Amino acid sequence: MKRLILRGKESGRSDDNEETIKKRLTVYHNQTAPLIDWYEKEGIHHHINGLGELDRIFADICAVIDAL
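Rules behind the numbers
Residues numbered from 1 in each chain as written. Predicted model: local features only at pLDDT ≥ 70, side-chain atom pairs only at ≥ 80, totals over all residues. Heavy atoms only, no water. Helix = DSSP H or I, 4+ residues; strand = E, 2+ residues; numbered from the N terminus. Rg over C-alpha atoms; globule rule 2.2 N^0.38 Å. Buried < 20%, exposed > 50% of the residue type's maximum accessible area, 1.4 Å probe, protein only. Contact = heavy atoms within 4.5 Å. Areas by Shrake-Rupley, 256 points an atom, 1.4 Å probe, with all protein chains shown as cover. Lys, Arg positive; Asp, Glu negative; His and termini not counted. Charge placed at Lys NZ, Arg CZ, Asp CG, Glu CD. Polar contact = N/O pair within 3.5 Å; in protein donor to acceptor, adjacent residues only side chain to side chain. Patch = residues over 30% accessible without salt bridge, like charges linked within 9 Å, V, L, I, M, F, W, Y side chains within 5 Å. Salt bridge = Lys/Arg side-chain N within 4 Å of Asp/Glu carboxyl O.

1. Some thoughts on the overall build of the protein
- If you tally the helices and strands in the protein, you get 3 helices and 0 strands.
- Taking 2.2 N^0.38 as the reference for a compact globule, 68 residues should give roughly 11 Å; the C-alpha atoms of the protein span a radius of gyration of 16 Å, well beyond that estimate.
- Taken along the three principal axes of its C-alpha coordinates, the protein extends 40 × 30 × 15 Å.
- Counting every position in the protein, which comprises 68 residues, the buried fraction comes to 7%.
- The contacts in the protein between residues at least 6 apart in sequence include a share of 0% that link residues at least 24 apart.
- Summed over its atoms, the accessible surface of the protein is roughly 5,900 Å², and 58% of this surface lies on carbon and sulfur atoms.
- Across the protein, the mean location of the 10 positive side-chain charges is 9 Å away from that of the 12 negative side-chain charges.

2. Some points on the side chain of Asp-16
- In this fold, Asp-16 is placed in the loop between α1 (2-11) and α2 (18-42).
- A residue is classified by how much of its surface remains accessible, and Asp-16, at 5% relative accessible area, is buried.
- Engagement of the side chain of Asp-16 in a polar contact is seen with the side chain of Arg-7, the distance being 2.6 Å.
- In this structure, Asp-16 is in contact with Leu-4, Ile-5, Arg-7, Gly-8, Ile-21 and Arg-24, ignoring residues within four places of it in sequence.

3. Considering a nonpolar patch on the surface
- On the surface, Leu-35, Trp-38, Tyr-39 and Ile-44 cluster together into a nonpolar patch covering about 390 Å² of accessible area.
- Position of Ile-44 among the secondary structure elements: in the loop between α2 and α3 (54-67).
- A residue is classified by how much of its surface remains accessible, and Ile-44, at 44% relative accessible area, is partly exposed.

In structure tokens form, the structure reads like this:
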């Protein structure tokens, strides 16, 4: 929450406010997160850690795609 609010202040993004962020998180937890379980049950879920160096993240994505 703090990171997104700071991003809004620094970039001027009007949608990075506490009320909107809470709504986004509610939608994520109710609609998006449950899909992870479904994809895992189907055996087609591939977790990618999206935090860190872009080159490493890109390499991780490429490795998953190459293995398909």
